[in-house]
Amino acid sequence: MRKKVMAANWKMYKTPDETRDYFRDFLPLVAGHDRDEIVVCPPYTDVATAIESARGSSVAIGVQNVHWKADGAYTGEISAPMLLCLGVTHVIIGHSERRQYFGETDDTVNLRLKTALESGLTPICCVGEVLQEREAGLTDDVLRRQCVRAFHAISAKKAAKLIVAYEPVWAIGTGKTATPELAAEAHAVIRSEAVEIFGEDFAGQLRILYGGSVKPDNAKALMSQEEIDGALVGGASLDPKSFAAIVKY
Ligand code: PEP
């Protein structure tokens, strides 16, 4: 049985004060909830406040990106050792917004993944097709290609902490959700590619989250699919009541 992971991606929202208020309201709503793992990924500037606010709870704090070098002349970047010393445990890698607006490629996803895994962070690696690819019947090929390149030269042993998020790009922030069946089909493709790359034992344990307009009113149907091992939630995670309702679907 794979324990589900319910992860919040705050994107570029909230100040430290808003972060403190969020945890004040959110933590009592999920107190004692141990059925699922809960992760909140705020912007870097809120990380210290989030960690301080979540201390003593079971909520883990992640970030939305990491550079592959430990340090160096890389203006504007943040490294794994910097995150680890704050108490960050998770990192989203290869989100479609990074691929779309910031030049992220399958190759840089691979570099970031290797670094995250080597440093002990738990990566949540995002894959997913754009609408044109789905309409052209290319979804399976795209997912397989993204997995092959993202996981290139990473052994099953090294990848132990890996989490994958299937995020159809046409469903992110659009209010359009993949049907539970359609999401489960895509998850099965990713899992079968994970069998090829890492072997059956690893793939059987791999958590594959769904992301794309998950809301309190569709979370239960999505999470009821055996193939779906949790959710990566953007917009609906910004409100503590809404994210708590999703976590407790
Ligand atoms: C996301 O940012 O990963 C996401 C899935 O966003 P939303 O839930 O708003 O579609």
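Refer to the preceding data block for the structure.
Just so you know, these numbers come straight off a predicted model, no measurement behind them.

Chemist: When you look at the site of the ligand in this model, what are you seeing that I'm missing?
Modeler: In the region of the ligand, 14 residues are neighbours, and Lys11, Glu167, Gly173, Ser213 and Gly234 sit closest. Glu167 is positioned with one of its side-chain polar atoms (N or O) 2.7 Å from an oxygen atom of the ligand. Here an oxygen atom of the ligand sits 2.8 Å away from a polar atom, N or O, in the main chain of Gly235. When isolated, the ligand has an accessible area of 290 Å², and the protein chains bury 98% of it.

Chemist: I'm lost on the sheet that holds strand E4 (residues 90-93) in this one. Help?
Modeler: Backbone-to-backbone hydrogen bonds pair the strands of a sheet. The strands run either parallel or antiparallel. With parallel pairing, the eight strands of this closed barrel are ordered in space as E1-E2-E3-E4-E5-E6-E7-E8. Taken pair by pair, the neighbouring strands of this sheet meet at an average axis angle of 25°, ignoring direction. Note: strand E3 (residues 59-63) against E4, two bridges, orientation parallel. Its bridge partner being in E4, Val63 is matched across the sheet by Val91. The sheet contacts of helix H11 (residues 240-247) involve strand E1 (5-9), strand E2 (37-41) and strand E8 (230-233), and relative to E1 the element is tilted by about 155°.

Chemist: Just to check I follow, could you spell out the pairing of E3 for this structure?
Modeler: Across a regular strand the side chains alternate sides, sitting on one face of the sheet and then on the other. In terms of burial, E3 is largely enclosed, as five of its five residues are buried. Alternating positions in E3 separate into two faces, Val59, Ile61 and Val63 on one and Ala60 and Gly62 on the other, with burial throughout. For E2 and E3, the ladder comprises three bridges, and the chain directions are parallel. Bridge pairing in E3 places Val39 opposite Ala60. The β-α-β motif built from E2, the intervening helix H2 (residues 47-54) and the parallel element E3 has right-handed crossover chirality.

Chemist: Looking at this structure, I do not really get the packing of helix H1 (residues 16-30) against H2. What am I missing?
Modeler: Close contact between H1 and H2 brings their axes to 9 Å; oriented N to C, the two are set at 25°. It follows from the interaxial angle that H1 and H2 lie roughly parallel. Note on packing geometry: the crossing formed by H1 with H2 is right-handed. Residues Pro16, Thr19, Arg20, Phe23 and Leu27 of H1 lie in contact with H2, whose contacting residues are Thr49, Ala50, Glu52, Ser53 and Ala54. Looking at the contact of H1 with H2 residue by residue, the classes come out as five nonpolar, three polar and two charged.

Chemist: Just checking my understanding: could you explain the nonpolar core for this structure?
Modeler: It is characteristic of soluble globular proteins that their nonpolar side chains tend to be buried jointly. With 65 residues, the main nonpolar core has Phe23, Phe26, Val59 and Leu162 as its most contacted residues. Here this core takes six residues from helix H8 (residues 180-198), the largest share from any one element. Beyond its immediate stretch of four places on either side in the chain, Val59 contacts Phe23, Phe26, Leu27, Val30, Ile38, Val40 and Ala54. Counting 12 residues, the second-largest nonpolar core is a separate cluster that includes Ala60, Ile92, Ile124 and Leu232.

Chemist: Could you clarify how one ought to interpret the packing of helix H7 (residues 139-150) against H8 in this entry?
Modeler: In helix packing, the relevant descriptors are the interaxial angle and the interaxial distance, both defined with respect to the helix axes. Between H7 and H8, the shortest axis-to-axis distance is 9 Å and the interhelical angle comes to 40°. On the basis of the axis angle, H7 is oblique to H8. Crossing of H7 against H8: the hand is right-handed. Contact residues: H7 offers Asp140, Leu143, Arg144, Cys147 and Val148, while H8 offers Ala186, Val189, Ile190, Ser192, Glu193 and Ile197. Here the contact of H7 with H8 is composed, by residue class, of seven nonpolar, one polar and three charged.

Chemist: What is the right way to look at a negative patch on the surface in this model?
Modeler: Taken together, the side chains of Asp140, Asp141, Glu181 and Glu185 define an acidic patch exposed on the protein surface. Within the residue set of the negative patch, elements represented by two or more residues are H7 and H8. Counting through the fold element by element, Asp140 comes out in helix H7. Residue Asp140 is classed as partly exposed on the basis of its relative accessible area, which comes to 40%.

Chemist: I keep staring at H7 and nothing clicks. Help me out?
Modeler: Think of an α-helix as 3.6 residues a turn; residues three or four steps apart then line up on the same face. The first and last C-alpha atoms of H7 sit 16 Å apart over 12 residues, in line with the 16 Å expected at 1.5 Å per residue. What H7 keeps buried is the set Thr139, Val142, Leu143, Gln146, Cys147 and Ala150. For H7, the arc enclosing every buried residue in end-on projection is 125°, short of the 170-degree limit, so these residues lie on one face. In this structure, the buried side of H7 is in contact with helix H4 (96-101), helix H5 (106-119), strand E5 (122-127), helix H6 (131-135), strand E6 (163-166) and H8.

Reading the values: rules and limits
Residues numbered from 1 in each chain as written. Predicted model: local features only at pLDDT ≥ 70, side-chain atom pairs only at ≥ 80, totals over all residues. Heavy atoms only, no water. Near = heavy atom within 4 Å. Polar contact = N/O pair within 3.5 Å; in protein donor to acceptor, adjacent residues only side chain to side chain. Areas by Shrake-Rupley, 256 points an atom, 1.4 Å probe, with all protein chains shown as cover. Pairing = 2+ DSSP bridges. Helix = DSSP H or I, 4+ residues; strand = E, 2+ residues; numbered from the N terminus. Axes fitted to C-alpha atoms, helices over the stretch in contact; angles between N-to-C directions. Contact = heavy atoms within 4.5 Å. Buried < 20%, exposed > 50% of the residue type's maximum accessible area, 1.4 Å probe, protein only. Right-handed = clockwise from strand over helix to strand, strands pointing away. Parallel < 35°, antiparallel > 145°, perpendicular 65-115°, else oblique. Left-handed = near helix turned anticlockwise from the far one by under 90°. Nonpolar A, V, L, I, M, F, W, Y, C, P; charged D, E, K, R; others polar. Core = buried A, V, L, I, M, F, W, Y, C linked by side-chain atoms within 4.5 Å. Patch = residues over 30% accessible without salt bridge, like charges linked within 9 Å, V, L, I, M, F, W, Y side chains within 5 Å. Salt bridge = Lys/Arg side-chain N within 4 Å of Asp/Glu carboxyl O. Lys, Arg positive; Asp, Glu negative; His and termini not counted. Charge placed at Lys NZ, Arg CZ, Asp CG, Glu CD. Expected span 1.5 Å × (residues − 1). Arc of directions from axis to C-beta.

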